[in-house]
Amino acid sequence: MEYRHLRFFIAIAEELSFTRAATRLRVAQPHLSRETRRLEQELGVPLFSRNRRRVSLTAGGNAFLEKARSILAESSEAVRAAQRAYRGETGRVRVGFSSSAGFGLLPEAVRRFRLERPDVELVLTEFNSDEQPDLLRTSALDASLLYLPLHPEQGLDSETLIVDHLVVALPDGHRLAERRQIPLGALATEPWIFFPRAIASRLHDEILRACGKAGFAPRIVQEARRLSTITSLAASGLGVALVPITMTRLRLPRMVCRPLAAPAPRVPLAMMWRRLDPNPALALFLASVRSEAKRFMREGEWKPVDHVTTDSSRSKACIAKRTRRKGDTRQS
């Protein structure tokens, strides 16, 4: 039995006329009659009762009609499902991301992708940058937004989206908060909040290399695994920290972020995926992230570091308060 037999049978059952069914199907009536008899012989059941005046369904024909319609509907749905999956309109994309991407580029890229592809399931999980390549290789992830490792990753492709600026996160009222830019050397005597090298080796090494060129090694008083935690601890007054510019979007109370004076370390925020991955939905997601990164750069949402401050009015108020106190002391 073929699908065309089902289509022929349904047309005759709905028209109750071989002539009208043949016209509807655009086939010759003798051919339609022969194919119907073959179907009945294969089933071993008469489907139609025929005489010169009318055609009617038998009890077997009525029972077969319901199932035949269901079979054709399911087959059509299967075809549509396959076509939609091929076009990337359905499926699943598992995305790993570093903290800074979660506060910067990723949210808007995800929003736009979900508007364009609402039936694609996005699974988003935060991971350290250095663990994401292995998760890609083992197919635990399909795509990553991360700080690139120092060495190329076998079997994986990557593309730099944005070269990330670093800013100094300070507690409000810190002695350096009144500066428009902060030389890296000015942090030599400060307590630092830092992250282990295993979290993001490239970012870690770039910061230490820049500190070495400035003539000091950071005095690390606290380590934390997440950039959001590091930023929060800096706002609490535990120490200073160098964080990607995107972390300023946290807008934490009592936190001030100031750009580093040149030369300042920068690290590439990149997108990584398995080479030759056949997932059409993945290709569309990568294109969406790529487009969003270009929009960020074009429209200036990725601000140059000398324009970035957080809670600057609070900082200015503290500076003014200290200035007034000095004036009162002089007068006394």
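Residues numbered from 1 in each chain as written. Predicted model: local features only at pLDDT ≥ 70, side-chain atom pairs only at ≥ 80, totals over all residues. Heavy atoms only, no water.

With respect to the environment of Ile-207
Moving on, step 1. You can see Ile-207 is positioned in helix 8 (residues 201-213).
Moving on, step 2. The exposure class assigned to Ile-207 is buried, which follows from its relative accessible area of 0%.
Moving on, step 3. Excluding residues within four positions of it along the chain, Ile-207 makes contact with Leu-166, Trp-192, Phe-194, Phe-195 and Leu-242. (Helix = DSSP H or I, 4+ residues; strand = E, 2+ residues; numbered from the N terminus. Buried < 20%, exposed > 50% of the residue type's maximum accessible area, 1.4 Å probe, protein only. Contact = heavy atoms within 4.5 Å.)

Re the packing of helix 1 (residues 3-15) against helix 3 (residues 29-43)
Moving on, step 1. Direction vectors running N to C along helix 1 and helix 3 enclose 110°, while the axes themselves pass 10 Å from each other. One way to sum up the angle between helix 1 and helix 3 is to call them roughly perpendicular. Of the residues in helix 3, those touching helix 1 at Arg-4, His-5, Phe-8, Phe-9 and Ile-12 are His-31, Leu-32, Glu-35, Thr-36 and Leu-39.
Moving on, step 2. When the residues that make up the contact of helix 1 with helix 3 are grouped by side-chain class, the tally is 5 nonpolar, 3 polar and 2 charged. (Axes fitted to C-alpha atoms, helices over the stretch in contact; angles between N-to-C directions. Parallel < 35°, antiparallel > 145°, perpendicular 65-115°, else oblique. Nonpolar A, V, L, I, M, F, W, Y, C, P; charged D, E, K, R; others polar.)

Some thoughts on helix 9 (residues 227-236)
Moving on, step 1. Every buried residue belonging to helix 9 is among Leu-227, Ile-230, Thr-231, Ala-234 and Ala-235, and all of these are buried. Buried positions in helix 9, seen along its axis, are confined to an arc of 140° and lie on one side of it.
Moving on, step 2. Close packing links the buried residues of helix 9 with helix 5 (99-103), strand 6 (156-171), strand 7 (191-194), strand 9 (241-244) and strand 10 (255-259).
Moving on, step 3. Downstream of helix 9 by a residue or two, Gly-237 has a phi angle that is positive, lying close to 100°. (Arc of directions from axis to C-beta.)

Focus on the nonpolar core
Burial of nonpolar side chains together is a common tendency in soluble globular proteins.
Moving on, step 1. Residues Leu-145, Leu-184, Leu-187, Trp-192, Phe-195, Ile-207 and Phe-285 are the most contacted members of the largest nonpolar core, which totals 65 residues.
Moving on, step 2. Counting residues in hydrophobic clusters, the runner-up holds 20 residues, among them Ile-10, Ala-13, Leu-32 and Val-55. (Core = buried A, V, L, I, M, F, W, Y, C linked by side-chain atoms within 4.5 Å.)

Observations concerning the packing of aromatic side chains
Moving on, step 1. Inspection of the entire model under this criterion finds 7 aromatic pairs.
Moving on, step 2. The interplanar angle of 45° and the centroid separation of 4.9 Å between the aromatic rings of Phe-194 and Phe-195 together place this pair among those described as tilted. Exposure class is identical for Phe-194 and Phe-195. Each is buried.
Moving on, step 3. Each residue in the set Phe-9, Phe-18, Phe-48 and Phe-64 is aromatic and connected to the rest through ring pairs, giving one cluster. (Phe/Tyr/Trp six-rings, centres within 6.5 Å; stacked < 30°, edge-to-face > 60°.)

A closer look at the pattern of salt bridges
Moving on, step 1. Throughout the structure, instances matching the rule amount to 25 salt bridges.
Moving on, step 2. Residue Arg-137 pairs with Asp-134 through a salt bridge whose shortest N-O separation is 2.5 Å. Here Arg-137 and its partner Asp-134 are both found in helix 7 (residues 132-137), 3 residues apart, which amounts to about one turn of the helix.
Moving on, step 3. On the basis of relative accessibility, which here comes to 45%, the residue Asp-134 falls in the partly exposed class. (Salt bridge = Lys/Arg side-chain N within 4 Å of Asp/Glu carboxyl O.)

Describing a nonpolar patch on the surface
Moving on, step 1. There is a patch of nonpolar side chains on the surface, built from Met-1, Leu-43 and Val-45 and spanning about 230 Å² of accessible area.
Moving on, step 2. Checked against the element boundaries, Met-1 lands in the segment before helix 1. (Patch = residues over 30% accessible without salt bridge, like charges linked within 9 Å, V, L, I, M, F, W, Y side chains within 5 Å. Areas by Shrake-Rupley, 256 points an atom, 1.4 Å probe, with all protein chains shown as cover.)

Remarks on the environment of Leu-176
Moving on, step 1. In this structure, Leu-176 sits in the loop between strand 6 and strand 7.
Moving on, step 2. C-alpha separation for the pair Leu-176 and Leu-187, spaced 11 residues apart in sequence, amounts to 9.0 Å.
Moving on, step 3. Residues in contact with Leu-176, not counting those within four places in the same chain, are Leu-170, Ile-182, Ala-186 and Leu-187.

Things to note about the pairing of strand 5 (residues 143-147)
Moving on, step 1. With 5 of 5 residues buried, strand 5 lies mostly within the body of the structure.
Moving on, step 2. Of the two faces of strand 5, the one holding Ala-143, Leu-145 and Tyr-147 and the one holding Ser-144 and Leu-146 are both buried throughout.
Moving on, step 3. In this sheet, strand 5 lies alongside strand 3 (residues 91-97) in parallel orientation, the contact comprising 3 bridges. By the bridge assignment for strand 5, Val-95 is matched with Ala-143.
Moving on, step 4. Where strand 5 and strand 11 (residues 266-274) come together, 5 bridges link them in antiparallel fashion. When the sheet's bridge partners are listed, Ser-144 is paired in strand 11 with Met-272. (Pairing = 2+ DSSP bridges.)

Quick notes on unusual backbone geometry
Backbone geometry follows two general trends: most residues other than glycine have a negative phi, and most peptide bonds adopt the trans configuration.
Moving on, step 1. Cis geometry marks the peptide bond from Ala-262 to Pro-263; its omega dihedral reads 0°.
Moving on, step 2. Looking at the secondary structure, you find Pro-263 in the loop between strand 10 and strand 11.

Notes on the environment of Arg-249
Moving on, step 1. Along the polypeptide, Arg-249 turns up in the loop between strand 9 and strand 10.
Moving on, step 2. It is 7.5 Å that separates the C-alpha atoms of Arg-249 and Gly-104, two residues lying 145 residues apart in sequence.

Overview of helix 2 (residues 18-25)
The α-helix advances 3.6 residues per turn, and as a result positions three or four apart in sequence lie on the same side.
Moving on, step 1. Taken as a whole, helix 2 has its buried residues at Phe-18, Ala-21 and Ala-22. Taken end-on, helix 2 shows its buried residues confined to a sector of 100°, consistent with a single buried face.
Moving on, step 2. Arg-26, located one to two residues past helix 2, shows a positive phi value of around 60°.

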